[in-house]
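Working through the structure, step by step
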Amino acid sequence: QVQLVESGGGLVQAGDSLRLSCLASRRTFRNYAVGWFRQAPGKEREFVAAGRWSGGRIDYADSVKGRFAVSRDNAKNTMYLQMNSLKPEDTAVYYCAAGSPLSNSHYYTWMPDYWGQGTQVTVSS
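In this text the structure is predicted, and so the values were computed from the model without any measurement.

**Topic: the overall build of the protein**
The helix and strand tally for the protein stands at zero helices and 11 strands. A compact globule built from 125 residues should have a C-alpha radius of gyration of about 14 Å, and the protein, at 14 Å, falls within 12% of that. Expressed along its principal axes, the backbone C-alpha trace of the protein runs to roughly 40 × 30 × 25 Å. Restricting the contact set of the protein to residue pairs at least 6 apart, pairs at least 24 apart contribute 59%.

Set out below in structure tokens:
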């Protein structure tokens with residue numbers, strides 16, 4: 001079973017950048033799909049980005065395209081969410097996630113099997 005540990009959240013100003021990290025502490029990401037979700041105050045959890053760890057297309061929510069980027073470090077079994085040009089609307093608890101990869105499909109409605117504990121990102125105006 002995959003165990004996920006997140007870090008990197010914090011308080012920043014609008015326009016700043018932040019990088020979140022997610023470590024799989026017990027099992028490798030190699031055979032999984034991985035990604036990020038977020039939940040803002042008073043709202044449902046929403047999709048941010050996801051794709052296969054092994055490579056290929058990464059799907060991004062329209063709200064973050066061109067500003068956020070997912071990357072990986074295979075040797076460290078760690079994935080990252082680089083967040084640039086942050087906006088107050090990006091304020092949320094961010095969760096890393098892992099689960100079964102999809103076959104020839106997008107990840108916008110993907111339901112992961114494993115979740116991190118969440119890390120708070122707050123963007124002030």
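Back to the text.
**Comments concerning the packing of aromatic side chains**
A complete count under the given rule lists eight aromatic pairs for this structure. Summarising the aromatic geometry, the rings of Tyr107 and Trp110 are spaced 5.5 Å apart at their centres and angled 80° between planes, so their arrangement reads as edge-to-face. Each of the two residues, Tyr107 as well as Trp110, counts as buried. Through successive ring pairs, a cluster of aromatic residues spans Phe37, Phe47, Tyr95, Tyr107, Tyr108, Trp110 and Trp115. The ring of Tyr95 has Arg45 lying over it, and the distance from NZ or CZ to the ring centre is 3.8 Å.

**Re the pattern of salt bridges**
If the charged atoms of two oppositely charged side chains come close together, the side chains can form a pair. On inspection of all chains with the given rule, the structure shows five salt bridges. One salt bridge in this structure joins Asp62 and Lys65, with 3.2 Å as the shortest N-O distance. A residue is classified by how much of its surface remains accessible, and Asp62, at 63% relative accessible area, is exposed. Look at the salt bridges and you will find they share partners, linking Arg38, Glu46, Arg67 and Asp90 into a network.

**Observations regarding the nonpolar core**
Counting 37 residues, the largest nonpolar core has Phe29, Trp36, Leu81, Met83 and Tyr94 as the members making the most contacts within it. Elements represented by at least two residues in this core include exactly strand S3 (18-24), strand S4 (33-39), strand S5 (46-52), strand S7 (68-73), strand S8 (78-83), strand S9 (92-99) and strand S11 (119-124). Ranked by the residues each element gives to this core, the list is headed by S9, at five residues. Apart from the residues lying within four places of it in its own chain, the contact partners of Met83 are Asp16, Ser17, Leu18, Leu20, Arg67, Phe68, Tyr94 and Val121.

**Some thoughts on the state of the cysteines**
Evaluated as defined, the whole model comprises one disulfide. Between Cys22 and Cys96 runs a disulfide, and the two sulfur atoms are separated by 2.1 Å. The sign of the S-S torsion, about 60°, decides the handedness of the disulfide formed by Cys22 and Cys96: right-handed. Of this pair, Cys22 sits in strand S3 while Cys96 sits in strand S9, and the two are 74 residues apart along the sequence. Each member of the pair, Cys22 together with Cys96, is buried.

**Quick look at the sheet that holds S7**
Pairing within the open sheet is antiparallel, and its four strands lie in the order S1-S3-S8-S7. In this open sheet, the two strands that pair with only one neighbour each are strand S1 (4-7) and S7. Mean inter-strand twist for the sheet, computed between neighbouring axes without regard to direction, equals 20°. Note: S3 against S8, six bridges, orientation antiparallel. When the bridges of S8 are listed, Ser21 appears paired with Tyr80.

Calculation notes
Residues numbered from 1 in each chain as written. Predicted model: local features only at pLDDT ≥ 70, side-chain atom pairs only at ≥ 80, totals over all residues. Heavy atoms only, no water. Helix = DSSP H or I, 4+ residues; strand = E, 2+ residues; numbered from the N terminus. Rg over C-alpha atoms; globule rule 2.2 N^0.38 Å. Contact = heavy atoms within 4.5 Å. Phe/Tyr/Trp six-rings, centres within 6.5 Å; stacked < 30°, edge-to-face > 60°. Buried < 20%, exposed > 50% of the residue type's maximum accessible area, 1.4 Å probe, protein only. Lys NZ or Arg CZ within 6 Å of the ring centre and 35° of its normal. Salt bridge = Lys/Arg side-chain N within 4 Å of Asp/Glu carboxyl O. Core = buried A, V, L, I, M, F, W, Y, C linked by side-chain atoms within 4.5 Å. Disulfide = S-S within 2.5 Å. Pairing = 2+ DSSP bridges. Axes fitted to C-alpha atoms, helices over the stretch in contact; angles between N-to-C directions.

So far we have only geometry, and geometry alone does not tell us how the molecule works.
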